[in-house]
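# Secondary and tertiary structure notes
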Amino acid sequence: MADLSAIIAEIAEEMRFAEVRGKVADYIPPLASVPDTKFGIAVVMADGSLHTAGDAEEPFSVQSISKVFALTLALGAVGDQLWKRVGREPSGSAFNSIVQLETEQGIPRNPFINAGAIVVCDVLLGRLEPREAIGQLLRFVRELAGDDSIAIDETVARAEQETGFRNFALANYMRAFGNVHGSVERVLGVYFHFCALAMSCRQLALAGRFLMDGGRVGAHRVVTERRARRINALMMSCGHYDNSGDFAFRIGLPGKSGVGGGILAVAPGVASIAVWSPGLNPSGNSHLGQLALERLVQKTGWSVFEPRG
């Protein structure tokens, strides 16, 4: 394999000149103003080495990538009891779809669609006040990344609150089925703040190390090896909504996207990878982010489906 820094620099250069860049999310006003020219990539290897290119130091709204960290906290709080309220299957539907909730009695398909993440927030609020839950998530990602500068963008959180009509519909619908226990306003307040978490590619790749290294960050155990494996499995099958199958087909890594244009991807035992480009494909995933990861896997052989020598 060629030098990894050279590979990443080459990919960033290709993405800089790409003509098709996707469409920036415009239903959350602060996201609509982000230039589609942005592209960043960061790779943290198992040996701790860090490789970056492009806009890897610029914070962006991670949006649904925060669901990975929220799920980890909820599993830590209630363990496998969570799966009585949230499924583990791909949805095959858009991230904000309400269609399946009626036929499936208010149980969302998985914790990475919006409905599932709302239930995860409700689970966390079973033990915490909203301010405590938001603080817990922020402390968690800061500890994972080793960076206390990570913050929540209050402007984005307010914009989500003002425009999140579908999320209010999802939460109220699940409350009607008894699968949201707390106040819808409190639950969504936490959910919107989680989505408004701002991180750079470098910070996000560092925060994902525990999923790359069997639940550990160095000598510190974050989750059990079994739990890390299961979170990775959910990321592989459900991390890109109705585009998850194609992501597995083209890239072959566990990953989680967000409509801010970020993707966290994991090559187990090898690397934690974060890419960011705000232009989205029709499924709400970063167009160039996926293309960059595809290029990276082609050049490195990191796909989990690649035979190991």
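Scroll up for the structure.
Figured I'd write up the structure that's included with this text. Everything numeric here is computed off the predicted structure, so don't read it as measured data.

Cut-off values and rules
Residues numbered from 1 in each chain as written. Predicted model: local features only at pLDDT ≥ 70, side-chain atom pairs only at ≥ 80, totals over all residues. Heavy atoms only, no water. Buried < 20%, exposed > 50% of the residue type's maximum accessible area, 1.4 Å probe, protein only. Helix = DSSP H or I, 4+ residues; strand = E, 2+ residues; numbered from the N terminus. Pairing = 2+ DSSP bridges. Contact = heavy atoms within 4.5 Å. 1 Å grid on protein atoms, 1.4 Å probe; cavity = no way out; pocket = protein on both sides within 12 Å on 5 of 7 lines; lining within 4 Å. Points joined across faces, edges and corners; volume = space filled by probe spheres on them. Nonpolar A, V, L, I, M, F, W, Y, C, P; charged D, E, K, R; others polar. Phe/Tyr/Trp six-rings, centres within 6.5 Å; stacked < 30°, edge-to-face > 60°. Axes fitted to C-alpha atoms, helices over the stretch in contact; angles between N-to-C directions. Left-handed = near helix turned anticlockwise from the far one by under 90°.

### Considering the pairing of strand E2 (residues 40–45)
Most of E2 sits out of view: six of its six residues are buried. Judged by which residues are buried, E2 turns out to be covered on both faces: Gly40, Ala42 and Val44 on one side and Ile41, Val43 and Met45 on the other are all buried. Inspection of the sheet shows E2 paired to strand E3 (residues 50–54) by five bridges, in the antiparallel sense. Note that in E3 the partner of glycine 40 across the bridge is glycine 54. Counting the residues that bridge the hairpin from E2 to E3 gives four residues, and of these glycine 48 lies at a positive phi of roughly 95°. Bridging between E2 and strand E11 (residues 271–276) involves six bridges; their strand directions are antiparallel.

### Things to note about the environment of alanine 171
Within the secondary structure, alanine 171 is located in helix H8 (residues 165–176). Taking the relative accessible area as the measure of exposure, alanine 171 reaches 0% and is therefore buried. Through-space distance from the C-alpha of alanine 171 to that of isoleucine 98 is 9.9 Å; in sequence the pair is 73 residues apart. Excluding anything up to four places from it in sequence, alanine 171 contacts Ile118, Val180, Val184 and Leu188.

### As for the layout of surface pockets
Empty space among the atoms becomes visible once a probe the size of a water molecule is rolled across them. Approximately 270 Å³ is the volume attributed to the largest pocket. Around the largest pocket sit 16 residues that line it, and Tyr27, Phe95, Asn96, Asn114 and Asn167 are the ones nearest its centre. Of all the secondary-structure elements, those providing two or more residues to the lining of the largest pocket are helix H7 (154–163), H8 and helix H9 (184–195). Per element, the largest residue contribution to the lining of the largest pocket is three residues, and it comes from H8. Residues that form the lining of the largest pocket fall into these classes: seven nonpolar, seven polar and two charged.

### Digging into the packing of aromatic side chains
Taken as a whole, this structure holds five aromatic pairs when the rule is applied. Each ring, one from phenylalanine 168 and one from phenylalanine 192, has its centre 6.0 Å from the other, and the planes form 55°; the classification is tilted. With phenylalanine 168 in helix H8 and phenylalanine 192 in helix H9, this residue pair connects regions lying 24 residues apart in the sequence. Summarising the aromatic geometry, the rings of tyrosine 173 and phenylalanine 177 are spaced 5.4 Å apart at their centres and angled 75° between planes, so their arrangement reads as edge-to-face. The exposure class assigned to phenylalanine 177 is partly exposed, which follows from its relative accessible area of 32%. Grouping aromatic residues by their ring pairs yields a cluster made of Phe168, Tyr191 and Phe192.

### Some words on the environment of valine 266
Its location among the elements puts valine 266 in strand E10 (residues 262–267). Here the alpha-carbon distance between valine 266 and phenylalanine 210, two residues 56 residues apart in the chain, equals 9.6 Å. Here valine 266 is in contact with Leu211, Met212, Asn232, Met235, Leu253, Pro254 and Ala271, once residues within four sequence places are set aside.

### Structural notes on the packing of helix H1 (residues 4–16) against helix H14 (residues 287–300)
Helix-helix packing: each pair is described by the crossing angle between the helix axes and the interaxial distance. It is at 10 Å that the axes of H1 and H14 come closest, and there the two elements cross at 145°. Here H1 runs over H14; the crossing is right-handed. In contact with Leu4, Ile7, Glu10, Ile11, Glu14 and Met15 of H1, H14 contributes Leu288, Leu291, Ala292, Arg295, Leu296, Lys299 and Thr300. Among the residues making up the contact of H1 with H14, the classes are represented as eight nonpolar, one polar and four charged.

### A closer look at empty space enclosed by the protein
As enumerated under the stated definition, the model contains two cavities of 30 Å³ or more in all. A volume near 60 Å³ is recorded for the largest cavity. What lines the largest cavity is simply Ser91, Ser93, Ala94, Ser97, Gln100, Leu101, Glu104, Ile107, Pro108, Arg109, Ile113 and Ala115. Looking at the lining of the largest cavity, its residues break down into six nonpolar, four polar and two charged. By volume, the second largest cavity amounts to about 30 Å³. What lines the second largest cavity is Ser66, Lys67, Ala70, Ala117, Cys121, Tyr191, Phe194 and Cys195. Secondary-structure elements contributing two or more residues to the lining of the second largest cavity are helix H3 (66–78), helix H5 (114–124) and H9. Residues belonging to the lining of the second largest cavity are distributed by class as follows: six nonpolar, one polar and one charged.

### Remarks on the pairing of E10
Judged by how many residues are buried, E10 sits mostly within the fold: six of six residues are covered. Residues Gly262, Leu264 and Val266 line one face of E10 and the alternating positions Ile263, Ala265 and Ala267 line the opposite face, and both faces are buried. Here strand E9 (residues 255–257) runs beside E10; their pairing, made up of three bridges, is antiparallel. Pairing of glycine 255 across the sheet is with alanine 265, part of E10. Count of turn residues in the E9/E10 antiparallel hairpin: four residues, of which glycine 261 carries a positive phi of about 100°.

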